[in-house]
Every structure is written in C-alpha cells, then in structure tokens.
Amino acid sequence: QVQLVESGGGLVQGGGSLRLSCAASGSIFSVNAMGWYRQAPGKQRKLVATITMGGIINYTDSVKGRFTISRDNTKNTVYLQMNNLKPEDTAVYFCYADSASRYWGQGTQVTVSS
C-alpha cells in the first residue's frame, strides 16, 4: 500500500500564495500518477491537478495559470504551488496516488479570505 502525508495548508488573503506538499511512502514503485483534489463544505470532491509518471500534467480550468503541480522523485514528493488565491479556492485539499488502488492523503485545509 501507499501512505501519503500532506502539509502546507493555511489561511491567506485573496491574492496570496501557498505551497502544498504530499510525501509518499510504501509501495511507491507501483504508482503511475499523483495529484490533488479539493472539497468545499457540502460539495463533491473535485479534481484540481494531476501528473503522471510520464510527465503528463492536467489542470482543471479554474486553476490554469494560477496553480502549478510538480514532483521531486528524489524525495517521493508532489507539490501544488497555488498563486493568486481566490475565496472560491477555499476547500480541504487531498493528495492522491494511483496504483492498483487509489490512495488518499489526510487532507489539508486551505482558507482564502476576501
């Protein structure tokens, strides 16, 4: 199995920045993609960004030009750099990893004030 530990959430004003980190351990040799979802209160969890082991990156339209997903294979870590944050970005952000199953991090709260 794969274990994911997230960090980097917090409270920022609109226009501010945060960088989320997701450190993977366990059977990481089996992972073929990682990324981030977010879930606002009372809403369904939605995809934010993905990166495959082949380097293919995708973003949801609402974060294009503001968020950047990246990885550091030497640290088994995926990052989400979030710039120009907006109140509508407020959510719990969850890291995921795909192998034979989908694994989830514990979630980290991002709150953006207006």
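The numbering scheme is per chain: residues are counted from 1 as the chain's sequence reads. Under the rules for a predicted model, residues below a pLDDT of 70 receive no local features and side-chain atom pairs below 80 are neither given nor counted, while totals for whole chains, interfaces and linings still include all residues. Side-chain metrics in this entry use all non-hydrogen atoms of the structure; hydrogen atoms and water are not considered.

Chemist: Describe the overall build of the protein chain, listing the residues and the values that go with them.
Modeler: For helices the rule is a DSSP run of H or I covering at least 4 residues; for strands it is a run of E covering at least 2, with both sets numbered from the N terminus onward. Assigned secondary structure in the protein chain consists of zero helices and eleven strands. Secondary structure of the protein chain in N-to-C order comes out as β-β-β-β-β-β-β-β-β-β-β. Relative to the 2.2 N^0.38 estimate, which gives 13 Å for 114 residues, the radius of gyration of the protein chain is 13 Å and therefore close to what a compact globule would have. Split into buried and exposed, the 114 residues of the protein chain put 39% on the buried side. By definition, residues are in contact when any of their heavy atoms lie within 4.5 Å. Taking as baseline every contact in the protein chain between residues at least 6 positions apart, the subset at least 24 positions apart corresponds to 52%. Only the protein chains shown count as cover for residues, and the accessible areas themselves come from Shrake-Rupley with a 1.4 Å probe. A total accessible area of about 6,000 Å² is found for the protein chain, and carbon and sulfur atoms account for 50% of it. By the counting rule applied here, Lys and Arg register as positive and Asp and Glu as negative, while His and the ends of each chain are not counted. Note that the charge is assigned to NZ on lysines, CZ on arginines, CG on aspartates and CD on glutamates. With 11 positive and 6 negative side-chain charges, the protein chain shows a spacing of 1 Å between the two charge centroids. Here the globule rule is a power law, 2.2 Å times the number of residues to the power 0.38, and the radius of gyration is based on C-alpha atoms. Accessible area is worked out with a 1.4 Å probe on protein chains only. A residue is then buried under 20% of its type maximum, exposed over 50%, and partly exposed in between.

Chemist: Would you mind going over the sheet that holds strand β8 (residues 77–82) in detail, with residue names and values included?
Modeler: Adjacent strands of a sheet form backbone hydrogen bonds with each other and so pair up, either parallel or antiparallel. DSSP calls a pair of strands paired once it identifies at least 2 bridges connecting them. A sheet is described by the order of its strands in space; here four strands give the open sequence β1-β3-β8-β7, paired in antiparallel fashion. This sheet does not close on itself; its edge strands, each paired only once, are β1 (2–7) and β7 (67–72). When strand polarity is set aside, the average angle formed by the axes of neighbouring strands in this sheet is 20°. Pairing of β1 with strand β3 (residues 18–26) involves six bridges; the strand directions are antiparallel. Its bridge partner being in β3, Q3 is matched across the sheet by S25. As a rule, the C-alpha atoms of each element are fitted with a line to give its axis, helices using only the stretch in contact, and angles between N-to-C directions run from 0 to 180 degrees.

Chemist: So, unusual backbone geometry: which residues are in play, and what are the values?
Modeler: Positive phi, close to 50°, is recorded for N76, a residue that is not glycine. Its location among the elements puts N76 in the loop between β7 and β8. Taking the relative accessible area as the measure of exposure, N76 reaches 32% and is therefore partly exposed. One non-glycine residue, N84, lies in the positive phi region at around 50°. With respect to the secondary-structure elements, N84 resides in the loop between β8 and β9 (91–98).

Chemist: A description of the pairing of strand β4 (residues 33–39) should follow, citing residues and the corresponding values.
Modeler: With respect to burial, β4 is a largely interior element, six of its seven residues being buried. Bridging between β4 and strand β5 (residues 46–52) involves six bridges; their strand directions are antiparallel. What sits directly across from G35, in β5, is T50. Taking the residues that link successive antiparallel strands as the turn, the β4-β5 hairpin has six residues, and the phi of G42 there is positive, at about 75°.

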